[in-house]
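A look at the structure
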Amino acid sequence: MSVLVLLLAVGAACCLGFGFVLQQNAARQAPLGDFLSFRLLLDLMRIPRWRGGLALMVAGMVLGAIALGKGEISLVEPLLATNLLFALALSRHQTGQPLGRQGWAGLLLLAGGVSAFILAGEPRAGTAVTDPLRHWLIIGAVVGAALLMTMYAKRSRLSGGPVLLALAAGLLYGVQDALTRVSGTRFSDGGLTGLLTGWQPYGVVVCGVTGLVLVQSAFETAPLRMSLPALTAAEPLAGILCGVGFLGDRLRTDTGALAWEAAGLAAVVAGIVLLGLHPAMPCGADGTERGASDLQRR
């Protein structure tokens, strides 16, 4: 594994983790009338803390895009999932909660799962699939699943809705990462003209903005511990699916390697859940705080 790719991916995870915490601190005060509306982003842009979180998130995406340009998506995505470690670190600093057994167990599972998947799978580059049908089938399936989750979440915004929204956003971010990789290849091959004549860079923008609305709506309606684990778990799974499905990434497929890869991904998800449910993760505003916030905004 390239040390540069490792540093870029971990740096991206750090920026993303810190950015998510700052965004949720601000989004939980947003009026519920902005739920699943682009107006939510306009309201949040007025809050300095949210702008700082957005700047960190953009920086993380840029670092992640550079890492994707230099390494396989099946390698970079598990490393990006460590953003939850940095989110927990900042939340722990804010709340003063000790890490405890749950935090250490989640940390070891997440770090161990990422290591097991990378060592067992040995992600490496291959020949990308040129058949556009394969691209559209995989992307359509992932985006379709995100759309269904969003539709159901709209009906149950204060129960399971935030988790579904975060899952949907994570799926879109995984597709965005894959399209970023394709866009980088088009730019390397054909320059700016080659980049802008393809649909992929525009898909990156659509997935990014839509995912941002979904995740901010999840942040505004529930504590971070409900939304961030789902977001963090869904993105690498969608990214790896796209990487292996049509970007040409190759993983070891012998029985032993597949078993370790599956165990590694399972450990990653389990670690994400444990860390996301840690008491250090900030809670959302209660009904009184939300009502007061709405009155102030009016």
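Computed from a predicted structure; not experimentally measured.

1. Structural notes on the overall build of the protein chain
Helix and strand counts for the protein chain stand at twelve helices and zero strands. Sequence-ordered secondary structure for the protein chain, helices as α and strands as β, is α-α-α-α-α-α-α-α-α-α-α-α. Across the 298 residues that make up the protein chain, the buried fraction comes to 51%. In the protein chain, the share of contacts with a sequence separation of at least 24, taken over all contacts with a separation of at least 6, comes to 87%. Within the protein chain, the 16 negative side-chain charges are centred at a point lying 6 Å from the centre of the 21 positive side-chain charges.

2. A word on the nonpolar core
Grouped together as the largest cluster of nonpolar side chains are 78 residues, with contacts concentrated most on Trp-50, Leu-212, Leu-228 and Leu-231. The element best represented in this core is helix H8 (residues 161–196), accounting for twelve residues. Aside from chain neighbours lying at most four places away, what touches Trp-50 is Gln-23, Ala-26, Leu-41, Leu-44, Met-45, Leu-212 and Gln-216.

3. Some remarks on the environment of Gly-71
By the secondary structure assignment, Gly-71 is in the loop between helix H3 (48–70) and helix H4 (73–80). Residue classification places Gly-71 among the buried positions, given a relative accessible area of 5%. Sequence separation between Gly-71 and Ile-272 is 201 residues; the distance between their C-alpha atoms is 23 Å. Beyond its immediate chain neighbours, meaning those up to four positions away, Gly-71 contacts Val-5, Val-76 and Arg-181.

4. Details of the packing of aromatic side chains
Aromatic rings in a pair are described by how distant their centres are and how their planes are angled relative to each other. Following the criterion strictly, the structure yields three aromatic pairs and no others. Taking the centre distance of 6.2 Å and the plane angle of 90° together, the rings of Phe-18 and Phe-86 count as edge-to-face. A residue pair is termed long-range when its members are at least 10 positions apart, and Phe-18 in helix H1 (residues 3–27) and Phe-86 in helix H5 (residues 83–95) qualify at 68 residues. Ring centres 4.6 Å apart and planes at 25° place the aromatic pair Trp-136 and Trp-199 in the stacked group. Here the residue Trp-136 occupies a position in helix H7 (residues 132–155), and Trp-199 occupies one in the loop between H8 and helix H9 (200–221), the gap between them amounting to 63 residues.

5. Notes on the packing of helix H10 (residues 224–245) against helix H11 (residues 255–276)
Interhelical geometry of H10 versus H11 gives an angle of 160° and a closest axis separation of 8 Å. Considered as vectors, H10 and H11 are oriented roughly antiparallel to each other. Two packed elements cross with a definite hand, and for H10 against H11 that hand is right-handed. Contacts between H10 and H11 pair Arg-225, Pro-229, Thr-232, Ala-233, Leu-237 and Ile-240 from the former with Leu-265, Ile-272, Val-273 and Gly-276 from the latter. Split by residue class, the contact of H10 with H11 holds seven nonpolar, two polar and one charged.

6. A closer look at the state of the cysteines
In the structure shown here, the tally under the stated rule is zero disulfides. Of all cysteine sulfurs in the structure, the one in Cys-14 sits closest to Cys-15, which takes part in no disulfide; the separation is 5.5 Å. Here Cys-207 is not disulfide-linked; the sulfur of Cys-242 is the nearest cysteine sulfur, at 9.3 Å.

About the thresholds
- Each residue is numbered by its place in its chain's sequence as written, counting from 1.
- Whole-chain, interface and lining totals are the exception, using all residues; otherwise, since this is a predicted model, local features are given only for residues with pLDDT of at least 70 and side-chain atom pairs are given and counted only at 80 or more.
- The side-chain quantities take in all heavy atoms of the structure and omit both hydrogens and water.
- The helix and strand labels rest on DSSP assignments: H or I over at least four residues marks a helix, E over at least two residues marks a strand, and numbering proceeds from the N terminus.
- The cut-offs for exposure are 20% and 50% of the maximum accessible area for each residue type, with area from a 1.4 Å probe on protein chains only; residues under the lower value are buried, those over the upper are exposed, and the others partly exposed.
- Every residue pair with non-hydrogen atoms within 4.5 Å of one another is taken to be in contact.
- Here the positive residues are Lys and Arg and the negative ones are Asp and Glu; neither His nor the chain ends is included.
- To locate a charge, take NZ of a lysine, CZ of an arginine, CG of an aspartate or CD of a glutamate.
- Throughout this description, the term nonpolar core refers to a set of buried Ala, Val, Leu, Ile, Met, Phe, Trp, Tyr and Cys residues connected via side-chain atoms within 4.5 Å.
- Each pair of aromatic rings taken from Phe, Tyr and Trp, with Trp reduced to its six-membered ring, is defined by centres within 6.5 Å and is described as stacked if the planes are under 30 degrees apart, edge-to-face if over 60, and tilted in the remaining cases.
- All axes are obtained by fitting lines to C-alpha atoms, using only the stretch in contact for helices, and the reported angles, taken between N-to-C directions, cover 0 to 180 degrees.
- The cut-offs work like this: below 35 degrees is roughly parallel, past 145 is roughly antiparallel, 65 to 115 is roughly perpendicular, and the gaps in between are oblique.
- The handedness criterion is simple: a crossing whose near helix is rotated anticlockwise from the far helix by less than a right angle is left-handed, and one whose near helix is rotated clockwise is right-handed.
- Here the nonpolar group is Ala, Val, Leu, Ile, Met, Phe, Trp, Tyr, Cys and Pro; Asp, Glu, Lys and Arg are the charged ones; every other residue, Gly included, is treated as polar.
- Two cysteine sulfurs form a disulfide in these notes if their separation is within 2.5 Å.

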